[in-house]
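Below are the chains, spelled out letter by letter.
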Amino acid sequence: MYPLPPLSGSRFPQCPMETGVKNAVDQYLIIHIVVSMGIGAWKWQQLLFLLCLIPLASTTTEKRKLEGIPKVRAVNLGGWLVVEGWIKPSLFDDIKDNDLLDGTKVQFKSLKLNKYLSAEYGGGHSIVVDRDDNSTWETFKLWRVSDGRYQLKVFGGQFMTAENGGGGNVSAAADSPGDWETFDIVRHHKHRDRVHIRVFNGTYMQAQSEEQLTADYQGKPRWDDNAATFQMNIVANDLHGDYQLANGYGPKKAKSVYDKHRSSFITEKDFGFLLKNGINTVRIPVGWWIAYDPNPPAPFIGGSLQALDNAFTWAQKHDIRVIVDLHAAPGSQNGMEHSASRDGSADWANSTQHISQSLQIIDFLASRYGNNSMLLGIELLNEPLVTTVSVDVINKYYTNGYEIVRKHSSTAYVIMCQRIGKADPHELYQSNDVFSNVVVDVHYYNLFDPYYENLTAQENIDFILKNRQPELLALNSANGPLIFVGEWTNEWKVKGASREEYQRFGDAQLEVYEQASFGWSYWTLKNQDKHWDFEWNVQHKYLKSDESRASSCKNISWKIHTSFLLFGCLHLWIARII
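Enquirer: Would you explain the nonpolar core in this entry?
Expert: A general trend in soluble globular proteins is that nonpolar side chains are found buried together. Grouped together as the largest cluster of nonpolar side chains are 95 residues, with contacts concentrated most on Trp80, Ile284, Leu308, Tyr397 and Phe534. When sequence neighbours within four positions are dropped, the list of residues in contact with tryptophan 80 reads His261, Arg262, Phe265, Ile266, Ile284, Ala307, Ala311 and Trp314. Counting 27 residues, the second largest nonpolar core, distinct from the first, contains Val129, Val170, Ile185 and Phe230.

Structure, rendered in structure tokens:
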């Protein structure tokens, strides 16, 4: 393989036009010098022949430069080894009660009292049934144990418990769940929002008074408006990650689903497609459980390590570099599905054990792939959340992670993702005397913020050119690491946009993000939502592939080159006559 040259100070060759202009100028300068020295000593026919060799020599030089991959043009392989349900929703189709996955938020209303269940003071006290309205204290997060069996987490983080396993009061004071905190939610066969809640000893919860929920209903309750029947409202079912998928199916069925997904969602054929369309790198999100393959902790399913090994093999065959990205850390660094949060909690930064475990995973990845010629870099953590991860915690973690990677590789780039939530990327800048081959990753979307809701197509494009571009140039020029736009996409909030408007939006982003000193990576290769799908965008010409951009530029380049050459020859001929 070709050695990887330093990225700093080298602009990724966008197309042949730059080279064509340089070649033509070189030719004209040689002609001008020869004319000024006197043509008598030259046979002008021989001179013209030599001039025509310049573009051939330059083209060879340019090809070597391309093969050296001086700047990253990447695509993320999102939704493959770290599941995100919105990328491929069909993964969840066959889960029983797939509207009641881990982290689903529910509320219960007594049909007899017409009041909501509430964890008094948010937790640590009794469960009462006296609320006319619902808010955070009346909202419970599901922890799925098995089909139909759940634990209920309250606002303060405690769990609902049937005291003594049933027969008495129900409270919300348990710090961790066990048998007394585990309930069967029995749904009506037709009206799925009508439920009974059975506790450990076989009795059911009932609301006889507003002051206290109890678990002492004997026998099997009817489905009318009795004290043991509740209306269950699903407030949010927006977590569809690895925890929800694996735990939803259970270990046996989940393994079958995962094996099929990992072997078919991304294949070697995709690497060929990427190479053909000018992509030289893939960024591959992985979850922390990859280090424990083939038998990771429950509910996670083994097999992701073999899939990553396959990706390195395909990368070798197609000359594509690999960035391995720790996308999901133990405890979750941001509470989102793509960090495998069970219920939306982000506990990574609150636990020294989680942080230490993450560093062990970095050590595992660096030791396994550090000497692989296709490894470009290791990203220490994806999108830590600014409200839960302090700058001191993340900088210390990044420093320790850098040192671990350097134990196994002196050349792999160490990538540090900006905190999400309006954090300043400069907070991650370290002295260049301390770190080498360090990259800061920023993610740019014209989404996820009310600011973008009502922007027109042109206003979105102007924002890229007038806001993002100066920010990138400022980051490039600062005395710090290389800059990587590690995630961006060709989607926005504009309703009914035309293909031409999408093309202009994509062109503006490519124009700006190619100025990042390390490069860029599109999110993502495949997606149920077509405008997030790189493959679809290229095939339908919403994004111009490298092939089409290069062809267009080559035509312009040849015209410029020919014009300069003819003008130079005319200059030479006139000088000879004179």
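There is more to say after this.
Enquirer: Could you clarify how one ought to interpret the side chain of aspartate 97 in this entry?
Expert: Along the chain, the position of aspartate 97 falls in the loop between β1 (72-76) and β2 (105-110). Owing to a relative accessible area of 16%, aspartate 97 belongs among the buried residues under this scheme. A polar atom in the side chain of aspartate 97 sits 2.8 Å from the side chain of arginine 192. Filtering out sequence-adjacent residues up to four positions away, aspartate 97 remains in contact with Arg144, Tyr150, Arg187 and Arg192.

Enquirer: What's the story with the packing of aromatic side chains in this structure? I'm lost.
Expert: In this description, a pair of aromatic rings is defined by centroid distance and the angle of the planes. Under the definition given, this model contains 33 aromatic pairs. Residues tyrosine 445 and phenylalanine 448 carry aromatic rings whose centres are separated by 5.4 Å and whose planes lie at 75 degrees to one another, so their mutual orientation is edge-to-face. On the accessibility criterion, tyrosine 445 (11% relative accessible area) is buried. The class for phenylalanine 448 is exposed, based on a relative accessible area of 63%. Judged by centre distance (5.4 Å) and plane angle (85 degrees), the rings of tyrosine 451 and tyrosine 452 are edge-to-face. By relative accessible area, which is 48% here, tyrosine 451 ends up partly exposed. According to the relative accessible area criterion, tyrosine 452 is buried, its value standing at 9%. One aromatic cluster in this structure is built from Phe273, Tyr444, Trp488, Tyr513, Trp520, Tyr522 and Phe534. Positioned over the ring face of phenylalanine 265 is lysine 526, at 5.8 Å from the centre of the ring.

Enquirer: Even after reading the chapter, I still don't get the layout of surface pockets, so can you show me in this structure?
Expert: Empty space among the atoms becomes apparent when a probe as large as a water molecule is rolled across them. When its volume is computed, the largest pocket comes out at roughly 1100 Å³. Ile420, His443, Tyr445, Leu447 and Phe448 are the residues nearest the centre of the largest pocket, which is lined by 37 residues in total. When contributions to the lining of the largest pocket are tallied by element, the ones reaching two or more residues are β18 (438-443) and α9 (457-477). When residues of the lining of the largest pocket are assigned to their parent elements, the largest contribution, four residues, is made by α9. Tallied by class, residues from the lining of the largest pocket come to 18 nonpolar, seven polar and 12 charged.

Enquirer: Any chance you could explain the sheet that holds strand β19 (residues 482-488) here in plain terms?
Expert: The strands making up a sheet associate through backbone hydrogen bonding, with each pair oriented either parallel or antiparallel. In spatial order, the strands read β1-β14-β15-β16-β17-β18-β19-β20; together these eight strands close into a barrel with parallel pairing. Strand-to-strand twist in this sheet, taken as the mean axis angle between neighbours without regard to direction, amounts to 25 degrees. Pairing geometry for β18 and β19, over five bridges, is parallel. In the sheet register, histidine 443 faces β19, and the bridge partner there is glutamate 487. Sheet strands in contact with helix α8 (residues 391-408) are β15 (321-328), β16 (375-379), β17 (413-417) and β18, and its direction is about 160 degrees off that of β17. Set on the sheet, helix α10 (residues 499-513) makes contact with β19 and β20 (519-522); between it and β19 the angle comes to about 160 degrees.

Enquirer: Which parts of the structure should I look at to understand helix α4 (residues 251-264)?
Expert: An α-helix turns once per 3.6 residues; consequently, residues spaced three or four apart project the same way. With 14 residues, α4 should cover 20 Å at 1.5 Å per step; its first-to-last C-alpha distance of 20 Å lies within 8% of that length. Considered for burial, the residues of α4 that qualify are Ala254, Val257, Tyr258, His261 and Arg262. Viewed along the axis of α4, the buried residues span an arc of 120 degrees, placing them on a single side of the element. Facing away from the buried side of α4 by more than 90 degrees, the exposed set consists of Lys252, Lys260 and Ser263.

Enquirer: Would you take a moment to explain a nonpolar patch on the surface for this structure?
Expert: A cluster of nonpolar residues, Tyr121, Trp137 and Phe155, forms a patch on the protein surface that exposes about 370 Å² of accessible area. Tracing the backbone through its elements, the reader meets tyrosine 121 in the loop between β3 (116-119) and β4 (127-131). On the basis of relative accessible area, tyrosine 121 is assigned to the exposed category, the value being 58%.

Each value, and the rule that gives it
Within each chain, residue numbers correspond to sequence positions counted from 1 in written order. For this predicted model, a pLDDT threshold of at least 70 governs which residues receive local features, and a threshold of 80 or more governs which side-chain atom pairs are given and counted, while totals over whole chains, interfaces and linings are taken from all residues. Only hydrogens and water are removed before side-chain values are computed, so all heavy atoms of the structure are retained for them. Buried Ala, Val, Leu, Ile, Met, Phe, Trp, Tyr and Cys residues that are joined via side-chain atoms within 4.5 Å together make up what is termed a nonpolar core. Each residue's exposure class comes from its accessible area (1.4 Å probe, protein chains only) as a fraction of the maximum for that residue type: buried when under 20%, exposed when over 50%, partly exposed otherwise. Working rule for contacts: check all heavy atoms of both residues, and any pair within 4.5 Å makes them a contact. By the criteria applied, helices consist of DSSP H or I runs no shorter than four residues and strands consist of E runs no shorter than two, each listed in order from the N terminus. Polar contact is defined as a pair of N or O atoms within 3.5 Å, subject to the rule that within protein one atom must be able to donate a hydrogen and the other to accept it, and that residues adjacent in sequence are counted only when both atoms are side-chain atoms. We call Phe, Tyr and Trp rings a pair once their centres come within 6.5 Å, taking the six-membered ring for Trp, and we label the pair stacked below 30 degrees between planes, edge-to-face above 60, and tilted otherwise. Only when the NZ atom of a Lys or the CZ atom of an Arg is both within 6 Å of the ring centre and within 35 degrees of the ring normal do we say a charge sits over the ring. Site definitions follow a grid-based scheme: protein atoms alone, a 1 Å grid, a 1.4 Å probe that fits but cannot get out for cavities, and for pockets an open set with protein on both sides within 12 Å along at least five of seven lines, plus lining residues having an atom within 4 Å of a point. Grid points are joined across faces, edges and corners, and a volume is the space filled by probe spheres set on the points. Gly counts as polar in this scheme, as do all residues outside two lists: the nonpolar Ala, Val, Leu, Ile, Met, Phe, Trp, Tyr, Cys and Pro, and the charged Asp, Glu, Lys and Arg. When DSSP finds two or more bridges between a pair of strands, those strands are recorded as paired. Only the contacting stretch of a helix is used when fitting its axis, a line to C-alpha atoms as for every element, and angles between N-to-C directions run 0 to 180 degrees. Given a helix with a known number of residues, its expected span is that number minus one, times 1.5 Å. By arc we mean the arc of the directions from the helix axis to the C-beta atoms, nothing more. Candidates for patches are residues over 30% relative accessible area with no salt bridge; among them, like charges are joined within 9 Å and nonpolar side chains (Val, Leu, Ile, Met, Phe, Trp, Tyr) within 5 Å. Per-residue and other accessible areas follow the Shrake-Rupley method at a 1.4 Å probe size, with only the shown protein chains counted as cover for residues. Here a salt bridge means any side-chain nitrogen of Lys or Arg lying within 4 Å of a carboxyl oxygen belonging to Asp or Glu.

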